[in-house]
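# Remarks on the overall topology
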Amino acid sequence: MADLKMKVEIIAPDRVFYEGDVDFIEFNTIEGIIGVYPRHIPTTVVLAPGILKIVSGGETKEAALHSGFAEILGDSIKMLAESVEWPEEIDVRRAEEAKIRAERRIKEAGSDSNRAELALKRAVIRLALTKK
């Protein structure tokens, strides 16, 4: 029996980030982490900031994925991402500065800090990905 694959297309506002056949993909949704194999039940999910893992042919690629939507069909996934980047595309110094700014805004804003918390989460994901 041939190995099952599914077609994945990840589109960001500025480019087609990834297009190819994969064995497995894992990413964050607003309801938690989801792992998808071929023949997954059709569904649509809201993406949440996190590390995207793409497994194909025994090789795993990781990227920082920041919000969007995904349509999962049995043999394909299409993601519309607000922002997505490979580790080598991340400016570590800029991510560290963004983390510091977000932490400061959270401390100053108290309970009204949703934007700052999201910015902090994005910075932490970027930094975690670059340290792997």
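A brief structural summary. Small disclaimer: the values here were computed from a predicted structure and weren't measured. (Residues numbered from 1 in each chain as written. Predicted model: local features only at pLDDT ≥ 70, side-chain atom pairs only at ≥ 80, totals over all residues. Heavy atoms only, no water.)

### Details of the overall build of the chain
Looking only at helices and strands, the chain features 2 helices and 8 strands. With the C-alpha coordinates aligned to their principal axes, the bounding extent of the chain is approximately 60 × 30 × 25 Å. When the 132 residues of the chain are sorted by exposure, 39% land in the buried category. Of the contacts made within the chain by residues no fewer than 6 positions apart, 52% connect residues no fewer than 24 positions apart. Accessible area for the chain stands at about 7,900 Å²; split by element, carbon and sulfur atoms hold 50% of it. (Helix = DSSP H or I, 4+ residues; strand = E, 2+ residues; numbered from the N terminus. Buried < 20%, exposed > 50% of the residue type's maximum accessible area, 1.4 Å probe, protein only. Contact = heavy atoms within 4.5 Å. Areas by Shrake-Rupley, 256 points an atom, 1.4 Å probe, with all protein chains shown as cover.)

### Observations concerning the environment of Met6
Secondary-structure assignment places Met6 in strand E1 (residues 6-12). Residues Met6 and Glu19 lie 13 residues apart in sequence; the distance between their C-alpha atoms is 11 Å. Ignoring anything within four residues of it in the chain, the contact list for Met6 reads Gly20, Asp21, Val22, Asp23, Phe24, Ile25, Val36, Tyr37, Pro38, Asp75, Ser76 and Ile77.

### A few points about the pairing of E1
Most of E1 is tucked away: 5 of the 7 residues are buried. Here E1 runs beside strand E2 (residues 15-22); their pairing, made up of 7 bridges, is antiparallel. Looking at E2, one finds that Ile10 is bridged to Tyr18. Between E1 and E2, which pair antiparallel one after the other, the connecting turn spans 2 residues. When E1 meets strand E8 (residues 76-85), the two strands line up parallel, connected through 5 bridges. Considered in E8, the bridge of Ile11 is made with Leu80. (Pairing = 2+ DSSP bridges.)

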